[in-house]
Amino acid sequence: MSRPLYVFDMDETLINADCAMIWNAFMVEKGIANQPGFIEQDQRLMRLYAEGKMNMEDYLEFSMAPVANMPIEQVSALVDECVETRILAKQFRQSKSLIEQLSRDGIDMVMISASVTFLVAAVGRRLGIGNALGIDLVVRDNRYTAEVDGVASYREGKVTRLKQWLNAQPQSYSEIHFYSDSINDLPLCEYADYAYLVNPCPQLKAHADRPNWTLLHWD
């Protein structure tokens, strides 16, 4: 019996924005991120990400600094507020319809992102995707560090993390459908049985002429 699995990138794929950038701007608004030039540094790093050149360790050191001394419960409350007030309204209408249809059909879904898990999981819960994989961080004294716990779900690491998740499931899947916009996700596009390129960046679009790869234009 056919049992497909639908896997989604988060930023610029399900959400018409980058959730990590929204979160960083939200921390500035709240006065939590008050380092001079914080937004400009965020924009510089995300330009490198878009080019497939960002060093994840550098990004995590930068982005986790504002909450380094904040208890996890306080971070979670702020994330929930950010998702509710800044992120949900930016969901692509096509992704909303697709998730609702897959839910009605009882088809399993996973969201996998190069953002940190506490943000990815919060967005996933609100979008209706219970399986959410992000970059897990080491926790010390009930606070998040910038240290990655395990394999970062970034570039080839997304394939590794998805394989780990699949190996932990009680059932197997007949095929994997993966949706993404980013050249960073080329390894997972190639691993999946079907790839759907959502408003893809030019670098990823250049790879689009392949069997079982589909270009999508969402708004």
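As annotated in an unreviewed UniProt entry, the protein chain carries the name Phosphoserine phosphatase and comes from Vibrio sinaloensis DSM 21326.

Asks: Kindly report on the packing of helix α1 (residues 19-29) against helix α3 (residues 56-64), identifying the contributing residues and their values.
Replies: Between α1 and α3, the least distance of the axes is 11 Å, while the angle of their chain directions is 30°. It follows from the interaxial angle that α1 and α3 lie roughly parallel. Across the interface between the two elements, Ala 20, Asn 24 and Met 27 of α1 pack against Tyr 59, Phe 62 and Ser 63 of α3. For the contact of α1 with α3, a count of residues per class yields four nonpolar, two polar and no charged.

Asks: Run through the nonpolar core, naming residues and quoting values.
Replies: One finds Trp 23, Phe 118 and Leu 119 to be the most contacted residues of the largest nonpolar core, which totals 60 residues. If you tally residues by element for this core, the top one is helix α4 (residues 72-87), at seven residues. Setting aside residues up to four positions removed in sequence, Leu 119 forms contacts with Cys 19, Ala 20, Trp 23, Val 79, Val 83 and Ile 87.

Asks: Lay out α4 in plain terms, naming residues and giving numbers.
Replies: Among all positions in α4, only Ile 72, Val 75, Leu 78, Val 79, Cys 82, Val 83 and Ile 87 are buried. Buried residues in α4, looked at end-on, bunch into an arc of 140°, giving them a common side. Looking at the buried positions of α4, the neighbouring elements they touch are α1, α6 (117-127), β4 (137-140) and β5 (143-148).

Asks: Kindly report on the packing of α1 against helix α2 (residues 38-50), identifying the contributing residues and their values.
Replies: Viewed as axis vectors pointing N to C, α1 and α2 meet at an angle of 175°, and their least axial separation amounts to 10 Å. As far as their axial angle goes, α2 and α1 are roughly antiparallel. From α1, Met 21, Asn 24, Ala 25, Met 27 and Val 28 reach across to α2, where they touch Phe 38, Ile 39, Asp 42, Gln 43 and Met 46. Residues belonging to the contact of α1 with α2 are distributed by class as follows: seven nonpolar, two polar and one charged.

Asks: Can you lay out the side chain of His 177 for me, pointing to particular residues and giving the numbers?
Replies: Structurally, His 177 is set in strand β6 (residues 175-180). Overall, the relative accessible area of 6% leaves His 177 in the buried class. In terms of polar contacts, His 177 uses its side chain to reach the side chain of Tyr 196, at 2.8 Å. Apart from residues no more than four positions distant in its own chain, His 177 is found in contact with Pro 4, Leu 5, Tyr 6, Val 7, Tyr 194 and Tyr 196.

Asks: Mind laying out the pattern of salt bridges, listing which residues take part and the relevant values?
Replies: Summed over all chains, the structure comprises 13 salt bridges. The shortest N-O distance in the salt bridge between Asp 80 and Arg 125 comes to 3.7 Å. Pair noted here: Asp 80 is in helix α4 and Arg 125 is in helix α6, with a separation of 45 residues, a long-range link. A salt bridge links Asp 185 to Lys 158, with the shortest nitrogen-to-oxygen separation between them at 3.0 Å. Linking Asp 185 in the loop between β6 and α8 (186-191) with Lys 158 in helix α7 (residues 156-167), this pair joins segments that are 27 residues apart in sequence.

Asks: Pulling in residues and values, what's your account of the environment of Arg 125?
Replies: Residue classification places Arg 125 among the exposed residues on the basis of a relative accessible area of 55%. It is 14 Å that separates the C-alpha atoms of Arg 125 and Ser 113, two residues lying twelve residues apart in sequence.

Calculation criteria
- Residues numbered from 1 in each chain as written.
- Predicted model: local features only at pLDDT ≥ 70, side-chain atom pairs only at ≥ 80, totals over all residues.
- Heavy atoms only, no water.
- Axes fitted to C-alpha atoms, helices over the stretch in contact; angles between N-to-C directions.
- Helix = DSSP H or I, 4+ residues; strand = E, 2+ residues; numbered from the N terminus.
- Parallel < 35°, antiparallel > 145°, perpendicular 65-115°, else oblique.
- Contact = heavy atoms within 4.5 Å.
- Nonpolar A, V, L, I, M, F, W, Y, C, P; charged D, E, K, R; others polar.
- Core = buried A, V, L, I, M, F, W, Y, C linked by side-chain atoms within 4.5 Å.
- Buried < 20%, exposed > 50% of the residue type's maximum accessible area, 1.4 Å probe, protein only.
- Arc of directions from axis to C-beta.
- Polar contact = N/O pair within 3.5 Å; in protein donor to acceptor, adjacent residues only side chain to side chain.
- Salt bridge = Lys/Arg side-chain N within 4 Å of Asp/Glu carboxyl O.

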